[in-house]
There are 2 protein chains.
Amino acid sequence: MDAFPVTYGVPVDDLTASRAPSKVTLVDIARLAGVGVGTASRALSNAKNVAPATRARVLRVAEEHNYVVSPEASRLAKGNTGRVALVVPHLSRWFFGSVVEGLDSVLREAELDVLLYQVGDARDRRDFFDRLPARRKVDAVVVVGFQVEDDERTRMETMGVHIVAAGGQSAAYPSVHIDDYEASRQAVDHLLHLGHTRIGMLEAVDPDQPNLSATRSPAYYDALERAGIPADPTLVVTAPWGGEHGAASMGRLLGHAEPPTAVFAHSDEVALGAIRTLRRAGLRPGDDVSVVGIDDHPMAELTDLTTVRQRPVEQGVIAGRLVLDLLGGGVAPQASTTLPTELVVRGSTAPPLRR
Amino acid sequence: MDAFPVTYGVPVDDLTASRAPSKVTLVDIARLAGVGVGTASRALSNAKNVAPATRARVLRVAEEHNYVVSPEASRLAKGNTGRVALVVPHLSRWFFGSVVEGLDSVLREAELDVLLYQVGDARDRRDFFDRLPARRKVDAVVVVGFQVEDDERTRMETMGVHIVAAGGQSAAYPSVHIDDYEASRQAVDHLLHLGHTRIGMLEAVDPDQPNLSATRSPAYYDALERAGIPADPTLVVTAPWGGEHGAASMGRLLGHAEPPTAVFAHSDEVALGAIRTLRRAGLRPGDDVSVVGIDDHPMAELTDLTTVRQRPVEQGVIAGRLVLDLLGGGVAPQASTTLPTELVVRGSTAPPLRR
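Residues numbered from 1 in each chain as written. Chains lettered and ligands numbered in written order. Predicted model: local features only at pLDDT ≥ 70, side-chain atom pairs only at ≥ 80, totals over all residues. Heavy atoms only, no water.

Turning to the domain arrangement of chain A, a few remarks are in order. Residues and elements named next belong to chain A. Considered domain by domain, chain A is made up of domain 1 (12-77), domain 2 (83-178 + 312-340) and domain 3 (180-310). Facing the 16 residues of domain 2 at the interface are 14 residues of domain 3. Interface area, domain 2 with domain 3, both sides summed: about 1,000 Å², of which 48% is carbon and sulfur. The largest contributions to the domain 2 side of the interface with domain 3 come from Arg93, Trp94 and Ile178, which together make up 55% of the buried area. (Domains from an automatic or database assignment. Contact = heavy atoms within 4.5 Å. Buried area = accessible area lost by both parts, 1.4 Å probe.)

Spelled out as structure tokens, the structure:
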């Protein structure tokens, strides 16, 4: 597997330099001055909201290292274009919007321009990577929740464009993600610990994110096996991602001759659809049938849904920092961060009823 | 009130022109060829996914009007920079993410670069407008869900930067929005038509969007008055925006000596918080206490919440078209679009119980 070039500092052009050329980047100045990249940038650009002592320290460090305090040089020090592309399938969905929120906060703080590319499906993505080389508009591409194909990745590398993944794992470029297997184990073990033995699964298949179900489903089977409970394939319903499908799948489980007493849903949206079906059938979530999801979508708190929490804003923040490190030349390209998930117990799960 | 300059076509620079200079824009070519701006752009840039007949028609129109078929000229024809800034308070929230989704689809289709600026609070916004002039990086700014101050607007005008509002109304620049008074009337009249006479209001105050509650609350009082029902101030609870506050406010109403039989919430999130409180109190939404919100958040469908639907993706699409029209020089600056809202009846509302 090819590595990215680790050094990426661009020499300051003599035309814009007011002092001798330098390879010191804004990230270096920030580190040496003991401040954040955003603060260093604001101090150098004479912005208002920086304490005088901090500004003085940053300026002293910049002077010592011949860092050029011109906007143009500052831009160059950050890469060729000062721009980063965020490539996102669905902005209106909580997970993606939250990751972008985290990314934007870090990248904008570092004075980088954030270009938004919404790519709804695989064809859009292919189109994005097909057309980018003709323009070379960005220093880095952050893909949110999907994988970059090998040929696309090779092309980006050739162009010197960094790739970072947020909300998805890759061995070929830096990424930030959760452990989907572990999150699913937490959910299913919770149902087992409550005493459930007849546990259904609402398996959600998303053609745009095939890795999710491919990782979450095995955790369900493994947890049952560890508990000595034979898996019953008739308790697993596979459907596309989304709440309406969760509602329909729950209906199928209720039509079972011996319905499950608890259900593991691949996401909170799927779980909330299932709960709507339970309520329409006159059943109480938790009391009659337990339901657990994955995400901790803001609506989980509002609907008393037990879930396994992930924090997509934090995934975006960390991915943003990876981008800054890459542009500053100071990170191993295979750097990968796995963020922890945690079980959040609410009213939708309870021990099984003694009937 | 000052108007924007209506003409904004930038003459194609001789340095990039392969034929005589022209003031025809991409938008003109698209209209004359009877295709969308995105299709015209793709045809001119020789992209793959355009039917041969369409491409031929676009090229013929472009030739007839001396439209310069070079990428650089195409960029100039769309404005000085080919960039549009989206300024958004909260990307992780459904409403804002959806508006941005709609905006991005139209602007990117027209080959414009979309720059994302997340501005969490009033200070961030002030900072955005303070710093933009020093850079003049964009041809237009789209503000999502908030107002631009008069001095900021004047500065943008001086710089020739267009302003468009999505999800918020203004008399000073083009905007796309719903009629918040009418949406609230639809919600409250629905409760009145069901036979409720004791109707509470969960009034949500958002310091970033003061116009919302200032418009939605009067509709409640007016509807009650038209129905001949005296307003009872003890049935109105005012709290910050958000589901947790809705939950707490509903608790206060349940503690009333004579609780309401129905509640109008200023948004779906507030309504869902209220419903959680009802369920925890052993009350059934709809059967025991009716709840109606505003939005048609995706979770409303999943939780059987009656609501008044708005369509934020559509608001974004129309705002995006306004931007294209402004850059093409063909729109009255005060153009304003009010999108209709509609009542969606689900299980959370029903006639009052005869006790």
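Before going further, it helps to examine the relation of the copies chain B and chain A. Note on the copies: chain B fits chain A at an RMSD of 0.1 Å, the axial shift is 0.0 Å, and the rotation between them is 180 degrees. What we have between these two chains is a two-fold relation. In terms of C-alpha distance to the rotation axis, chain B has Leu115 of chain B as its closest residue, with the C-alpha 2.3 Å off the axis. Most of the interface of chain B is mirrored in chain A, where 100% of its interface residues are also at the interface. (Least-squares fit on C-alpha atoms with pLDDT ≥ 70 in both.)

As a further point, take the sheet that holds strand S12 (residues 342-344) of chain A. Residue and element names in this part refer to chain A. The six strands are arranged S7-S6-S8-S9-S10-S12 in an open sheet whose pairing can be described as mixed. At either margin of the open sheet sits one strand with a lone partner, and together these are strand S7 (236-240) and S12. Going from strand to strand, the sheet's axes swing by 20 degrees on average, the running direction of each strand aside. (Pairing = 2+ DSSP bridges. Helix = DSSP H or I, 4+ residues; strand = E, 2+ residues; numbered from the N terminus. Axes fitted to C-alpha atoms, helices over the stretch in contact; angles between N-to-C directions.)

With that settled, the discussion passes to the packing of aromatic side chains. Within this structure, the stated rule accounts for eight aromatic pairs over all chains. Aromatic side chains Phe95 of chain B and Phe96 of chain B sit 5.4 Å apart centroid to centroid with 90 degrees between the ring planes, which places their arrangement in the edge-to-face category. Grouping residues by exposure puts Phe95 of chain B and Phe96 of chain B together as buried. In this structure, Arg125 of chain A packs its charged tip against the face of Phe146 of chain A, placed 4.2 Å from the ring centre. (Phe/Tyr/Trp six-rings, centres within 6.5 Å; stacked < 30°, edge-to-face > 60°. Buried < 20%, exposed > 50% of the residue type's maximum accessible area, 1.4 Å probe, protein only. Lys NZ or Arg CZ within 6 Å of the ring centre and 35° of its normal.)

Residue and element names in this part refer to chain B. The strand order across the open sheet formed by six strands is S7-S6-S8-S9-S10-S12, and the pairing between neighbours is mixed. Of all the strands in the sheet, the pair left with one neighbour each is strand S7 (236-240) and strand S12 (342-344). Between one strand axis and the next, the sheet turns through 20 degrees on average, direction left out of account. In terms of strand pairing, strand S6 (residues 199-205) meets S7 through five bridges, oriented parallel. Counted as the bridge partner of Glu203 is Thr238 from S7. Packing against the sheet, helix H9 (residues 210-226) makes contact with S6, S7, strand S8 (262-265) and strand S9 (290-295), and its axis sits at approximately 165 degrees to S6.

Let us now look at unusual backbone geometry. All names here are of chain B. At Asp296, a residue that is not glycine, the phi angle is positive and equals roughly 60 degrees. Here Asp296 shows up in the loop between S9 and helix H12 (298-302). One non-glycine residue, Asp304, lies in positive phi territory at about 65 degrees. Considering the arrangement of structural elements, one finds Asp304 in the loop between H12 and strand S10 (306-309).

So, about helix H5 (residues 94-109) of chain B. Residue and element names in this part refer to chain B. With 16 residues, H5 extends 22 Å between its outermost C-alpha atoms, agreeing within 8% with the 22 Å of an ideal straight helix rising 1.5 Å per residue. In terms of burial, H5 is a largely internal element, 13 of the 16 residues being buried. Of the residues flanking the end of H5, it is Glu111, one or two places downstream, whose phi is positive at about 70 degrees. (Expected span 1.5 Å × (residues − 1).)

Attention now moves to the interface of chain B and chain A. The partner chain A presents 42 residues to the 42 residues of chain B that form the contact. Around 3,700 Å² of area is buried between chain B and chain A when both sides are counted, 46% of it from carbon and sulfur atoms. Taken together, chain B and chain A are joined by five salt bridges. The partner of Asp304 of chain A in a salt bridge is Arg280 of chain B, with the nearest N and O atoms 2.7 Å apart. Counting the contacts that link chain B with chain A gives 15 residue pairs in polar contact (both at pLDDT 80 or more). (Salt bridge = Lys/Arg side-chain N within 4 Å of Asp/Glu carboxyl O. Polar contact = N/O pair within 3.5 Å; in protein donor to acceptor, adjacent residues only side chain to side chain.)

On to the packing of helix H5 (residues 94-109) of chain A against helix H13 (residues 312-328) of chain A, then. Residue and element names in this part refer to chain A. Put simply, H5 and H13 touch, their axes get as near as 7 Å, and they point 40 degrees apart. With respect to H13, the axis of H5 lies oblique. Between H5 and H13 lies a crossing whose hand is right-handed. Across the interface between the two elements, Trp94, Phe95, Ser98, Val99, Glu101, Gly102, Leu103, Ser105, Val106 and Leu107 from H5 touch Pro312, Val313, Gln315, Gly316, Val317, Ala319, Gly320, Arg321, Val323 and Leu324 from H13. Residues of the contact of H5 with H13, tallied by class, amount to 12 nonpolar, six polar and two charged. (Parallel < 35°, antiparallel > 145°, perpendicular 65-115°, else oblique. Left-handed = near helix turned anticlockwise from the far one by under 90°. Nonpolar A, V, L, I, M, F, W, Y, C, P; charged D, E, K, R; others polar.)

A word on the packing of helix H6 (residues 122-131) of chain B against helix H7 (residues 150-159) of chain B. Helix-helix packing is characterised by the crossing angle of the two axes and by the distance between the axes. All names here are of chain B. It is the contact of H6 with H7, at a shortest axis distance of 10 Å, that shows an interaxial angle of 25 degrees. Our classification of the angle between H6 and H7 gives roughly parallel. H6 and H7 meet at a crossing whose hand is left-handed. Residue-level contacts link Arg125, Arg126, Phe129 and Asp130 of H6 to Asp151, Glu152, Arg155 and Met156 of H7. A breakdown of the residues in the contact of H6 with H7 according to their chemical character gives two nonpolar, no polar and six charged.

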